[in-house]
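Read off the chains here:
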Amino acid sequence: MMRTVYLACSAALLLLASHGASARAQFIGPGSTPQGDYLRGVGIAASGMGLYNLNTARAESINVDTFFRFNEYVAAVVKEQTREYIARKLADATERKEFYKQNRQRILESPEARDVENGDAMNAVLQQLLDSKVGESTFRVAEYQVPLPVDMIRRIPFTLSEKGEKFSMDRLSLKGKGKWTVALQDERFQREKKAYERALDRALEQAIDGKMQISAIDEVDARADDLFRRLNEVVGPSSDRLYIEAKERLNELKSTVRLLTTAKIERAIGEIDKYSGTTINDLKLFMQSHHLRFAAAKTPEERLLFPDLYARLVQQRNKVAIPETTPVK
């Protein structure tokens, strides 16, 4: 009997032991087998890769959307800036045109002394005479003519309208003591001045004959350089007014004479030397044919000349009944 109980207990213990071993085997991991765990890991990795690709796609979509939005913003900013720029330019152009119109009207109707001195007032009246519909036959009628001394044209400073180059026969010619500044009137400049005048006379003769040669201009430049060197020896470089005036005068001589190489100015100088006109209309036709306008008065003689010349131009305008104010083009 005891043996039977013993055997039954032993069998029960073995059964429990076997169940316990089976239960412990379930704690080796999430899967039930190594192969299952591997496949589970592959699934988790695939899920992670899928999430990565999904998030990457979302990020790229956001980047593309941001890029397009930024481009649209930049385009809108550029468009607005362009609109503002064009509006500013149009406003500036309108303002300048209005200013020009008012200034031109002021110059035509009530010019100031500076408007006459800088040539603006005379050029405005000259343009009225050129633009008028009054025929040349009217200008030639004796009662409509305004006299102008024939020698006055030699004292008028002109500017070539297309290039802005300025010249006058009086500026080119150096005859007489008054043509030199105070410092250059010193006897110690006598030799250099005479050499310069001889070179200038030869250049002007060629210009008048229409046979200007570069060698003649180079000779004038060389003699002007001699005067510069002599000025530095006699007076010495300084900020003194006498030196500054002399230097400016010599620079003016060099630049003015250099204009003789300009064919149109050369022809104009030749015509001035032969000029025989006696009226304002003759002057108008001469300036028209050579594309000339009045330059600003620079010398005391020119400043004295301009008010008289302006008065004659206005008199001519009034004689042929051209209105003071004309529409701005």
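Side note on the overall build of the chain
Scanning the chain from terminus to terminus reveals 12 helices and 3 strands. For the chain, the share of sequence-separated contacts (at least 6 apart) that also reach a separation of at least 24 residues comes to 72%.

Remarks on the sheet that holds strand 1 (residues 158-160)
Sheet strands pair via backbone hydrogen bonds, and the direction of the pair is either parallel or antiparallel. With antiparallel pairing, 3 strands are arranged side by side in an open sheet as 2-1-3. Looking at which strands have only one partner, the edges of the open sheet turn out to be strand 2 (165-167) and strand 3 (292-294). Averaged over all pairs of adjacent strands, the angle between strand axes in this sheet comes to 35°, irrespective of strand direction. With 3 bridges joining them, strand 1 and strand 3 adopt antiparallel strand pairing. In the strand pairing of strand 3, Thr 159 is matched with Arg 293.

A few points about unusual backbone geometry
The backbone phi angle of His 291 is positive, close to 55°, even though this residue is not glycine. Looking at the secondary structure, you find His 291 in the loop between helix 11 (280-289) and strand 3. On the accessibility criterion, His 291 (39% relative accessible area) is partly exposed. Its identity is not glycine, yet Ala 321 carries a phi of approximately 60°, on the positive side. Structurally, Ala 321 is set in the segment after helix 12 (300-319). For Ala 321, a relative accessible area of 63% gives the class exposed.

Things to note about the confidence of the model for the chain
Looking at the chain as a whole, the pLDDT averages 82, with 86% of positions reaching at least 70. Low pLDDT, under 50, characterises residues 19-29; the predicted model gives this stretch 0 contacts beyond four residues in sequence or across chains.

Let's talk about a nonpolar patch on the surface
Nonpolar side chains collect at one region of the surface, where Phe 70, Tyr 73, Val 74 and Val 78 lie side by side and expose about 390 Å² of accessible area between them. On the secondary structure map, Tyr 73 appears in helix 2 (residues 34-109).

As for helix 9 (residues 241-258)
The terminal C-alpha atoms of helix 9, which comprises 18 residues, lie 26 Å apart, in line with the 26 Å expected from a rise of 1.5 Å per residue. Within helix 9, the full set of buried residues consists of Tyr 243, Ala 246, Arg 249, Leu 250, Leu 253, Thr 256 and Val 257. Those residues of helix 9 that are buried lie in contact with helix 6 (169-172), helix 7 (190-209) and helix 8 (214-234).

Some points on the nonpolar core
Grouped burial of nonpolar side chains is what soluble globular proteins tend to show. If you look at the biggest cluster of nonpolar residues, it comprises 68 residues, and the most contacted ones within it are Phe 158, Leu 260, Leu 283 and Leu 309. With 8 residues, helix 8 is the largest single contributor of residues to this core. Beyond its immediate stretch of four places on either side in the chain, Leu 283 contacts Leu 148, Ile 153, Ile 156, Phe 158, Tyr 275, Phe 294 and Leu 309.

A word on the pattern of salt bridges
The full count for this structure, using the stated rule, is 17 salt bridges. Residue Glu 192 pairs with Arg 191 through a salt bridge whose shortest N-O separation is 3.2 Å. Overall, Glu 192 belongs to the buried group, its relative accessible area being 10%. Note on Arg 191: relative accessible area 67%, which makes it exposed. A salt bridge links Asp 308 to Arg 312; its shortest N-O distance comes to 3.1 Å. Of the two residues, Asp 308 and Arg 312 both sit in helix 12, 4 residues apart, roughly one turn of that helix. Taking the relative accessible area as the measure of exposure, Asp 308 reaches 34% and is therefore partly exposed. Residues participating in the shared-partner salt-bridge network are Arg 106, Glu 112, Arg 114 and Asp 115.

Rules of the game
- Residues numbered from 1 in each chain as written.
- Predicted model: local features only at pLDDT ≥ 70, side-chain atom pairs only at ≥ 80, totals over all residues.
- Heavy atoms only, no water.
- Helix = DSSP H or I, 4+ residues; strand = E, 2+ residues; numbered from the N terminus.
- Contact = heavy atoms within 4.5 Å.
- Pairing = 2+ DSSP bridges.
- Axes fitted to C-alpha atoms, helices over the stretch in contact; angles between N-to-C directions.
- Buried < 20%, exposed > 50% of the residue type's maximum accessible area, 1.4 Å probe, protein only.
- pLDDT = per-residue confidence, 0-100.
- Patch = residues over 30% accessible without salt bridge, like charges linked within 9 Å, V, L, I, M, F, W, Y side chains within 5 Å.
- Areas by Shrake-Rupley, 256 points an atom, 1.4 Å probe, with all protein chains shown as cover.
- Salt bridge = Lys/Arg side-chain N within 4 Å of Asp/Glu carboxyl O.
- Expected span 1.5 Å × (residues − 1).
- Core = buried A, V, L, I, M, F, W, Y, C linked by side-chain atoms within 4.5 Å.

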